[in-house]
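# Fold and contact review
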Amino acid sequence: MDYFSGLVSPKSQAPLYQDGKILMSLDRSEYFPIQNGIAVLLDHNMLDNKRNYEMKIFDELPIHNISYFRPSLFKKIIGQINFYVKNMHERIDNTFRIVELGGGEGHWAAHCKEKYPKSDVFVCDLSLKALSRCHPELKRVCADITCPIFEKKSIHLAVFWVSLHHLGRESLNKAITEIFSALDESGVLIIFEPNSSFFIRKIMYNSSLKNDVYFDKNEKALDFSELSSIAKKAGFIEMQKSFLNPPYNSLFVKQLKHWYLYMIAVEILYAVDRFLLEPVFKRLLPARYKNIKKFFTLYGFAVYKK
């Protein structure tokens, strides 16, 4: 049985086949190890300084096995995309394939596996240490998401869940272009990332409090208008875009220095979203609602279709 069926060489894009604890090309000219159940497609010689720095950051994360967000957020997002997924499920004869890109410990991927238990769910990341903590039912791949990982048109649902914003502009373009090639003809891409238009986030980035919250000194957010342009240039069609203040996991927030300040802040923002921005802005300013809301929310959420 080829547990990692559908993977390709990041160098040549040649399909890889499993032989015990090794993945190899058909002509046996390329070999990649499987270490502790993780397919290692990462070639350290291909990583630039920024990618090596990113790998080091996530290898050394001080907080383990705790999601940033409460389970209700995952359920809400999966509920919103279920229309697209259901249509694909009905059309696809073979196994439905999902991938979380830059997924770390794979919290999003784990919720997908729970929702779609018969699917093949992959999680890809630079950090072997983070992948070692993933749910055992996930197919773990240590790889650079800016390089080819999967056979063309083999993935049905892909997600960048709080991962794209760690990439530079060129790498971000490459990552989106690569997943476009890997997606099935009607495949769906989900992007959930920090929103750069939120004024409080801009203040945080320029304050000493930044060191309490962000593990990456180069932390930045994404401009979703620019992101939409990049996705469309790659060939994607934008299906929906929205902005929100998510429900944070208190177990995660309590790991931060001065956590009580941040717990109060994120709970207030979540309440503002639920009880003011959604019901009031949406009713009073339906035409301008989305454009206004992005200035008051921490995250953006977008759905693209190939």
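Data block above holds the structure.
A few points on the structure. Since we're looking at a predicted model, the values are computed, not measured.

Our next topic: the overall build of the protein chain. Helix and strand counts for the protein chain come out as eleven helices and eleven strands. Computed over C-alpha atoms, the radius of gyration of the protein chain comes to 19 Å, within 12% of the 19 Å expected from 2.2 N^0.38 for 306 residues, which places it in the range of a compact globule. Dimensions of the protein chain along its principal axes, counting C-alpha atoms only, are 60 × 40 × 35 Å. Put simply, the protein chain has 306 residues, and 54% of those count as buried. Look at the contacts in the protein chain between residues 6 or more apart in sequence, and 71% of them connect residues 24 or more apart. Within the structure as shown, the protein chain displays about 14800 Å² of accessible surface, and the carbon and sulfur contribution to it stands at 55%. A gap of 6 Å separates the mean positions of the 42 positive and 33 negative side-chain charges of the protein chain.

This part covers unusual backbone geometry. Its identity is not glycine, yet N65 carries a phi of approximately 60 degrees, on the positive side. Tracing the backbone shows N65 in the loop between helix 1 (49-59) and helix 2 (71-91). Despite not being glycine, H258 has its phi angle at roughly 60 degrees, a positive value. Within the secondary structure, H258 sits in the loop between helix 9 (250-253) and helix 10 (259-284).

Our next topic: the sheet that holds strand 8 (residues 155-161). Spatially, eleven strands are ordered 1-2-3-4-7-6-5-8-9-11-10 in an open sheet, and the strand pairing comes out mixed. A single partner strand is all that each edge strand has here, and the edge strands are strand 1 (16-19) and strand 10 (237-244). Strand-to-strand, the axes of this sheet are offset by a mean angle of 20 degrees, without reference to chain direction. The pairing of strand 8 with strand 9 (residues 183-194) spans six bridges and is parallel.

This paragraph deals with the packing of aromatic side chains. Throughout the structure, instances matching the rule amount to 22 aromatic pairs. With a centroid separation of 5.0 Å and an interplanar angle of 5 degrees, the aromatic rings of F192 and Y299 are classed as stacked. Residue F192 is found in strand 9, and its partner Y299 is found in strand 11 (residues 299-305); the two are separated by 107 residues along the sequence. The burial state of F192 is the same as that of Y299; both residues are buried. In textbook terms, an aromatic cluster arises when at least three aromatic residues are bridged by ring pairs, as seen for Y68, F69, F74, W108, W161, F192, Y248, F252 and Y299. Positioned above the aromatic ring of Y3, the side-chain terminus of K139 is 4.6 Å from the ring centre. A cation over a ring is seen here: R201 above Y299, with NZ or CZ 5.3 Å from the ring centre.

Its place among the elements puts E105 in the loop between strand 5 (97-101) and helix 3 (107-115). Overall, the relative accessible area of 11% leaves E105 in the buried class. A polar atom in the side chain of E105 sits 2.9 Å from the backbone nitrogen of N65. A polar side-chain atom of E105 sits 3.0 Å from a polar atom in the side chain of H107. With near-sequence residues (within four places) excluded, E105 lies in contact with I63, H64, N65, I66, A130, R133, C134 and H135.

So, about the pairing of strand 3 (residues 31-35). The alternating pattern of strand 3 places F32 and I34 on a buried face, while none of Y31, P33 and Q35, on the opposite face, is buried. In sequence, strand 2 (residues 22-25) turns back onto strand 3 through a hairpin of five residues, with R28 there showing a positive phi of about 65 degrees. Two successive antiparallel strands, strand 3 and strand 4 (residues 38-40), enclose a turn made up of two residues, where N36 displays a positive phi of approximately 50 degrees.

For the rest of this paragraph, the subject is the pairing of strand 8. Extensive coverage of strand 8 is indicated by the burial of seven of its seven residues. In this sheet, strand 8 lies alongside strand 5 in parallel orientation, the contact comprising four bridges. In the sheet register, L101 faces strand 8, and the bridge partner there is F160. One crossover worth recording links strand 8 to the parallel strand 9 by way of helix 5 (residues 169-182), and it is right-handed.

This next bit is on the nonpolar core. F69, I81, W108, W161 and F192 are the most contacted members of the largest nonpolar core, which totals 54 residues. When sequence neighbours within four positions are dropped, the list of residues in contact with F69 reads F74, W161, V162, F192, P246, P247, Y248, N249 and Y299. One finds L23, I145, A175 and Y304 within the second-largest nonpolar core, a separate group that totals 41 residues.

This next bit is on the side chain of T146. Of note, T146 is situated in the loop between strand 7 (139-142) and strand 8. Within the structure, T146 has its side chain in polar contact with the side chain of D144 (distance 2.9 Å).

Procedures and definitions
Residues numbered from 1 in each chain as written. Predicted model: local features only at pLDDT ≥ 70, side-chain atom pairs only at ≥ 80, totals over all residues. Heavy atoms only, no water. Helix = DSSP H or I, 4+ residues; strand = E, 2+ residues; numbered from the N terminus. Rg over C-alpha atoms; globule rule 2.2 N^0.38 Å. Buried < 20%, exposed > 50% of the residue type's maximum accessible area, 1.4 Å probe, protein only. Contact = heavy atoms within 4.5 Å. Areas by Shrake-Rupley, 256 points an atom, 1.4 Å probe, with all protein chains shown as cover. Lys, Arg positive; Asp, Glu negative; His and termini not counted. Charge placed at Lys NZ, Arg CZ, Asp CG, Glu CD. Pairing = 2+ DSSP bridges. Axes fitted to C-alpha atoms, helices over the stretch in contact; angles between N-to-C directions. Phe/Tyr/Trp six-rings, centres within 6.5 Å; stacked < 30°, edge-to-face > 60°. Lys NZ or Arg CZ within 6 Å of the ring centre and 35° of its normal. Polar contact = N/O pair within 3.5 Å; in protein donor to acceptor, adjacent residues only side chain to side chain. Right-handed = clockwise from strand over helix to strand, strands pointing away. Core = buried A, V, L, I, M, F, W, Y, C linked by side-chain atoms within 4.5 Å.

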